[in-house]
Amino acid sequence: MRIPIIAGNWKMHKTVRESVDLVREMRRGLNDIQGVEKVVVPPFVALASVAGLLGPTSIRLGAQNMHWEEQGAYTGEISPLMLQGLCEYVIIGHSERRTYFDETNESVNRKVHAAFGHGLSPIMCVGENLQQNEAGETEAFVSQQIREGLAGVTAERVSQMVIAYEPIWAIGTGRAATGALANRIIGLIVRGTIAELHNETTAQAVRVQYGGSVKPDNIAEFMSQPDIDGALVGGASLRAADFVEITRRAAELKGTVA
Ligand code: PGA
């Protein structure tokens, strides 16, 4: 049984003080929701403060990125050692990292290995851009992202991780994919490729989120799809009421009793 997971990726928003305020605002509402995993992903500098506020709750914490090396002369980077013990999840290969900071499937793969090596659960992002989508290249492109991103990752580890399918044309545009379309890519391509790489059991065990303009009024469309286990939420996760409402609706539709 796959426990649904709703994660809020705050991106480069919120100062430390604003992060603390936002978590205080959503903490009780989120904590009361059961049957789904709830994850907030603030900027690095706010992780420690937010961790302090989440301590006694059922809300988990994630980071937005990390380097694969434990330490070294990499000015401005954050290592898995620094995140170990501070948070549980780490987003890897978000399309904005790939587009603006030149991340490749190879660097994503190194980071996935590093995350597992340090007890962090990766949320690996994949997804095609508009041009690829219109050219009918979605399937091949996403399948390659999965293959290269997961190269050398054991079936056991794959089954424990989270993958987010986020069509780039749907991110921050207000133009979400349809539930049926996202479910098709997730079932056929994300799980299908993992079944080819490993086996059907692994493909059915991995949790796969949809991401891209998820809001309270469209979350049901995604959660009601058989292959979609949750959402990676950007813009709407910056508003406490919206994020709590998205999580509440997801739990109503698909919440599992742990
Ligand atoms: P969005 O972002 O919800 O603002 O579209 C999603 C994401 O990039 O994870």
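Relevant structure appears above.
Residues numbered from 1 in each chain as written. Predicted model: local features only at pLDDT ≥ 70, side-chain atom pairs only at ≥ 80, totals over all residues. Heavy atoms only, no water.

Attention now moves to the overall build of the protein chain. A count of helices and strands for the protein chain gives 12 helices and 8 strands. Evaluated residue by residue, the protein chain yields a buried proportion of 54% over its 258 residues. Accessible surface, the protein chain: about 11300 Å² in total, of which carbon and sulfur atoms supply 50%. (Helix = DSSP H or I, 4+ residues; strand = E, 2+ residues; numbered from the N terminus. Buried < 20%, exposed > 50% of the residue type's maximum accessible area, 1.4 Å probe, protein only. Areas by Shrake-Rupley, 256 points an atom, 1.4 Å probe, with all protein chains shown as cover.)

Turning next to the nonpolar core. Core analysis: the largest hydrophobic core is formed by 67 residues, its most contacted members being Ile-6, Val-40, Ile-146, Ile-163, Ile-194 and Tyr-210. With residues up to four places along the chain from it excluded, the contact list for Ile-194 reads Ile-146, Leu-150, Val-158, Ile-163, Asn-199, Thr-202, Ala-203 and Val-206. Core analysis: the second largest hydrophobic core is formed by 11 residues, Ile-5, Val-39, Val-162 and Leu-232 among them. (Core = buried A, V, L, I, M, F, W, Y, C linked by side-chain atoms within 4.5 Å. Contact = heavy atoms within 4.5 Å.)

What follows concerns the packing of aromatic side chains. Going through the model one piece at a time under the given rule, you end up with 1 aromatic pair. Note on Tyr-210 and Phe-222: the rings are 4.1 Å apart at their centroids and 10 degrees apart in plane angle, and the pair reads as stacked. Taken together, the residues Tyr-210 in strand β7 (residues 207-211) and Phe-222 in helix α11 (residues 219-223) connect sequence positions 12 residues apart. We note that Tyr-210, like Phe-222, is buried. In this structure, Arg-97 is placed above the aromatic ring of Phe-101, and the distance from its NZ or CZ to the ring centre is 4.2 Å. (Phe/Tyr/Trp six-rings, centres within 6.5 Å; stacked < 30°, edge-to-face > 60°. Lys NZ or Arg CZ within 6 Å of the ring centre and 35° of its normal.)

Turning to the pairing of strand β1 (residues 5-9), a few remarks are in order. The element β1 is largely enclosed, with a buried count of 5 among its 5 residues. Because side chains alternate across β1, one face comprises the buried residues Ile-5, Ala-7 and Asn-9, and the other comprises Ile-6 and Gly-8, equally buried. Sheet topology places β1 next to strand β2 (residues 37-41); 5 bridges connect them, and they run parallel. Among the inter-strand pairings, Asn-9 is bridged to a residue of β2, identified as Val-41. Of the crossover connections in this fold, the one passing from β1 over helix α1 (residues 16-31) to the parallel β2 is right-handed. Alignment of β1 against strand β8 (residues 230-233), held across 4 bridges, turns out to be parallel. Its bridge partner being in β8, Ala-7 is matched across the sheet by Leu-232. (Pairing = 2+ DSSP bridges. Right-handed = clockwise from strand over helix to strand, strands pointing away.)

On to unusual backbone geometry, then. For Lys-11, which is not a glycine, the phi torsion comes out positive at approximately 55 degrees. As for its position among the elements, Lys-11 is in the loop between β1 and α1. A residue is classified by how much of its surface remains accessible, and Lys-11, at 18% relative accessible area, is buried. Here Ser-213, not a glycine, exhibits a phi torsion of approximately 55 degrees, which is positive.

Contacts to the ligand come from 13 residues, most closely from Lys-11, His-94, Glu-166, Gly-172 and Ser-213. Within the backbone of Ser-213, one N or O atom sits 2.7 Å away from an oxygen atom of the ligand. Separating an oxygen atom of the ligand from a backbone N or O atom of Gly-235 is a distance of 2.8 Å. When isolated, the ligand has an accessible area of 280 Å², and the protein chains bury 96% of it. Here the shell around the ligand is built from residues that sort into 4 nonpolar, 7 polar and 2 charged. (Near = heavy atom within 4 Å. Polar contact = N/O pair within 3.5 Å; in protein donor to acceptor, adjacent residues only side chain to side chain. Nonpolar A, V, L, I, M, F, W, Y, C, P; charged D, E, K, R; others polar.)

Over its 19 residues, helix α9 (residues 179-197) extends 26 Å from the first C-alpha to the last, a length consistent with the 27 Å expected when each residue adds 1.5 Å. Bending of α9 peaks at approximately 30 degrees at the position of Ile-186. Of all the residues in α9, the buried ones are Gly-179, Ala-182, Asn-183, Ile-185, Ile-186, Ile-189, Val-190, Arg-191, Gly-192, Thr-193 and Ile-194. Looking at the buried side of α9, the elements it contacts are α7 (138-149), α8 (155-160), β6 (162-165), α10 (200-205), β7 and α11. (Expected span 1.5 Å × (residues − 1). Bend = angle between axes of the 7 residues up to and from the residue.)

Attention now goes to the pairing of β7. For β7, a buried count of 5 out of 5 residues is recorded, marking the element as mostly surrounded by other parts of the structure. Residues Arg-207, Gln-209 and Gly-211 line one face of β7 and the alternating positions Val-208 and Tyr-210 line the opposite face, and both faces are buried. Bridging between β6 and β7 involves 4 bridges; their strand directions are parallel. Across the sheet, Ile-163 pairs through a bridge with Val-208, a residue of β7. Bridge count for β7 against β8 is 2 bridges, and the pairing is parallel. Each bridged residue has a counterpart across the sheet, and for Tyr-210 the counterpart in β8 is Ala-231.

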